[in-house]
Amino acid sequence: MKCKLYPVFLLLLVACNVVLAQENKDSAKAAVSDTTTDTHFKTSFSLIFGKYPKHREGIYVTHGGEGPLLSFAAMKENGEHMRNIPRFTIFFNVGTNFNKDVSKNLGFFTGFNIKNIGLISKPNDSLKLKQRVYTLGVPLGIKIGDVTGGSFFFFAGGEIDLAFNYKEKQFLNGSKVHKFNEWFSDRTPLLMPSLFAGFRINPGFGLKVQYYPQNFFNQDFKTTDKGNTIYPNKNLQANLVFVSLGYNFSGINYFKVKKKRHYMKMKSGKAEIEVNY
């Protein structure tokens, strides 16, 4: 899928260069023909990988996601340890952050992101269950370190996730026998709080660890089987923790419009790749 996006990126870059070249050419002609021109419009756009956005006044926006995500679970059933398997996923983890740097070494951020989190368990030797939820999360965190240049900084904070889609797959002796998904399912809590911490290093990679202290399963969930009410999660306990390698594309970091008589200057930021914090 990444390969299919390369031509799009190339076309965008070519288009930007053509527009910029035409604007410069028109500006040069206008300067020669009429030095009293009182309106000048200039844009700049560049694609740079591995550099953290420069320190800015006000609030700036970054876009990205968790990237590769490896999750683990401490699971128990009736107080006894339940065997589970680490779960690895890449799709679909995206997000947007709103950043405020109060100094070169201190900043704050919030935003929203979509994550694919879950677990894989083996209640017995023949049965395997894959259970996951898509969540919409709102983080609130702090950055400490070189938040201006982005060569190295720590970050930490908390997040509250809204679980909006649940999916389960059942395998018997290695063969998939059943799967289903539900929107806003009662099988898990609707809101999932978590804590996270991590670091970022130059040229734009880093790690984040996130822990969910709340039980992944809603123990009050009930269903019916042949007219009988049952509580399938009543004795299940699972706490998730995951490690992720993130990325971040910083599109238009800020728009600054400055008017002086009829003079206007509009400047865009840079598209960059970095660790998602």
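Structure: above.
What you are looking at is a predicted structure, and each value in this text was computed from that prediction instead of being measured. (Residues numbered from 1 in each chain as written. Predicted model: local features only at pLDDT ≥ 70, side-chain atom pairs only at ≥ 80, totals over all residues. Heavy atoms only, no water.)

**Student:** Which residues make up the pairing of strand 10 (residues 152-172), and what values do they have?
**Tutor:** Inspection of the sheet shows strand 9 (residues 127-145) paired to strand 10 by 19 bridges, in the antiparallel sense. Bridge pairing links Thr135 to Ala163 in strand 10. Following strand 9, the chain reverses through 6 residues before pairing antiparallel with strand 10; Gly150 in that reversal takes a positive phi of roughly 75°. Both strand 10 and strand 12 (residues 191-201) contribute to a ladder of 11 bridges, which runs antiparallel. Across the sheet, residue Phe154 finds its bridge partner in strand 12, namely Phe199. Relative to strand 11 (residues 175-183), strand 10 runs antiparallel, the two sharing 8 bridges. Within the sheet, the bridge partner assigned to Asn165 lies in strand 11 and is Trp183. (Pairing = 2+ DSSP bridges. Helix = DSSP H or I, 4+ residues; strand = E, 2+ residues; numbered from the N terminus.)

**Student:** I'd like a rundown of the packing of aromatic side chains, residues and numbers included.
**Tutor:** Counted under the stated rule, the structure contains 10 aromatic pairs. Measuring from ring centre to ring centre gives 6.2 Å for Phe164 and Trp183, while their planes differ by 15°; the resulting arrangement is stacked. Remark: Trp183 occurs in strand 11 and Phe164 occurs in strand 10; sequence separation between them is 19 residues. With a relative accessible area of 59%, Trp183 lands in the exposed category. Consider the rings of Phe216 and Phe217, whose centres lie 5.2 Å apart with planes at 85°: the pair is edge-to-face. Here a set of aromatic residues connected by ring pairs shows up, and it is made of Tyr134, Phe164 and Trp183. When the ring centre of Phe171 is taken as origin, the NZ or CZ atom of Lys128, which lies over that ring, is 5.3 Å away. Taking NZ or CZ as reference, Lys208 lies 5.2 Å from the ring centre of Phe196, over its face. (Phe/Tyr/Trp six-rings, centres within 6.5 Å; stacked < 30°, edge-to-face > 60°. Buried < 20%, exposed > 50% of the residue type's maximum accessible area, 1.4 Å probe, protein only. Lys NZ or Arg CZ within 6 Å of the ring centre and 35° of its normal.)

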